[in-house]
Amino acid sequence: MLKHALCIGALLAAALPLQAQTDERGAARAQLEPKGFLYGIGLGVSEEIYQGYDRRVIPLPILGYRGDKLSVLGPFISYEVLEVNDIEILLQAAPRFQGFDESDSDVFKGMAERDFSMDAGIGIKYERNNWKLNVSAVHDVLDKSDGYELSGGVAKVFKSGPFFYEPSLKVSYLDSNHVDYYYGVRQTEVTNTRAYYQGDNATNVALGFSVSTPMFFGGFTQLAFDYTWFDDSITDSPLVDSDGSFAVRLLFSKFF
């Protein structure tokens, strides 16, 4: 676990010198993430790494608020409880869109359902000069997997005319409870074609890129892409047949 925490720490530390150039949040980020009440709609489509389960489609209704302390974007919620030297300490909650049932793929026949859940925990955010750094520690509060995730990410916004571009990098560490719940095979689920498997800790890496613009329908449109590389502890599961996953999201939001 220590080496994974050090990996996340090194990722964030590498970007800190770039953050320190200015005390301002950054004009591009302020335009990209304005404050106020907003509404909209979105759609997320992600490849699944499970055998026979091609993709997951998630509608994303947007109704929320972004303020100095509170941010509510649909089911994604964060609240700033403390700010120290421009570093924000947050309480946060977010749904975990994972899981499966027997109808999703033949590989799951005879297996117990793995449910969606909700994570909650603490986060740390630092924004300067159009850069954003964040780390978080969250736990499954609905006790589906009883697992937790540690993650760290860095991103920067670039503006060109009416378009905003944001590349990002994220490293996440999932504990053995989480991995075993979503990718493990229990003794009662073993068949001739599905071996017993107990998941272990996993570290995943994701690269992302988004393009946003205020050009259409008086609102903000964003197209975002992510690619995630999964740890061997996940890809070695007999339920899995891929070591990476591509996801795309299309969002449209507008302020009241």
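In what follows, the structure referred to is the one given above.
Reading the values: rules and limits
Residues numbered from 1 in each chain as written. Predicted model: local features only at pLDDT ≥ 70, side-chain atom pairs only at ≥ 80, totals over all residues. Heavy atoms only, no water. Phe/Tyr/Trp six-rings, centres within 6.5 Å; stacked < 30°, edge-to-face > 60°. Buried < 20%, exposed > 50% of the residue type's maximum accessible area, 1.4 Å probe, protein only. Helix = DSSP H or I, 4+ residues; strand = E, 2+ residues; numbered from the N terminus. Arc of directions from axis to C-beta. Contact = heavy atoms within 4.5 Å. Pairing = 2+ DSSP bridges.

Brief notes about the packing of aromatic side chains
No. 1: Per the stated rule, a full pass over the model turns up 17 aromatic pairs.
No. 2: Ring centres 3.9 Å apart and planes at 5 degrees place the aromatic pair phenylalanine 100 and phenylalanine 108 in the stacked group.
No. 3: For phenylalanine 100, a relative accessible area of 3% puts it in the buried group.
No. 4: A residue is classified by how much of its surface remains accessible, and phenylalanine 108, at 1% relative accessible area, is buried.
No. 5: Arranged with centres 4.8 Å apart and planes meeting at 65 degrees, the rings of tyrosine 227 and tryptophan 229 form a pair that is edge-to-face.
No. 6: Taking relative accessible area as the criterion, tyrosine 227 reaches 29% and is therefore assigned partly exposed.
No. 7: By the ring-pair criterion, three or more aromatic residues cluster together here, those being Tyr50, Tyr53, Phe100, Phe108 and Tyr183.

Some points on helix α3 (residues 176-183)
No. 1: Among the residues of α3, His178, Val179, Tyr181, Tyr182 and Tyr183 are the ones counted as buried. Across the axial projection of α3, the buried residues extend over an arc of 165 degrees, all falling on one side.

Concerning the environment of isoleucine 62
No. 1: With respect to the secondary-structure elements, isoleucine 62 resides in strand β2 (residues 55-66).
No. 2: Its relative accessible area of 16% is what places isoleucine 62 among the buried residues.
No. 3: In this structure, the C-alpha to C-alpha distance between isoleucine 62 and leucine 73, residues eleven residues apart in sequence, is 6.1 Å.
No. 4: Those residues in contact with isoleucine 62 that lie beyond four places of it in its chain are Leu38, Tyr39, Gly40, Ile41, Leu251 and Phe252.

Some thoughts on the pairing of β2
No. 1: Residues of β2 alternate between two faces, with Arg56, Ile58, Leu60, Ile62, Gly64 and Arg66 buried on one and Arg55, Val57, Pro59, Pro61, Leu63 and Tyr65 left unburied on the opposite face.
No. 2: By the bridge criterion, twelve bridges tie strand β1 (residues 36-47) to β2 in an arrangement that is antiparallel. Bridging across to β2, serine 46 finds its partner in arginine 56.
No. 3: Examined bridge by bridge, β2 and strand β3 (residues 70-73) share three bridges and lie antiparallel to one another. By the bridge assignment for β3, arginine 66 is matched with serine 71.
No. 4: Between the antiparallel neighbours β2 and β3 lie three residues.

These figures capture arrangement, not role.
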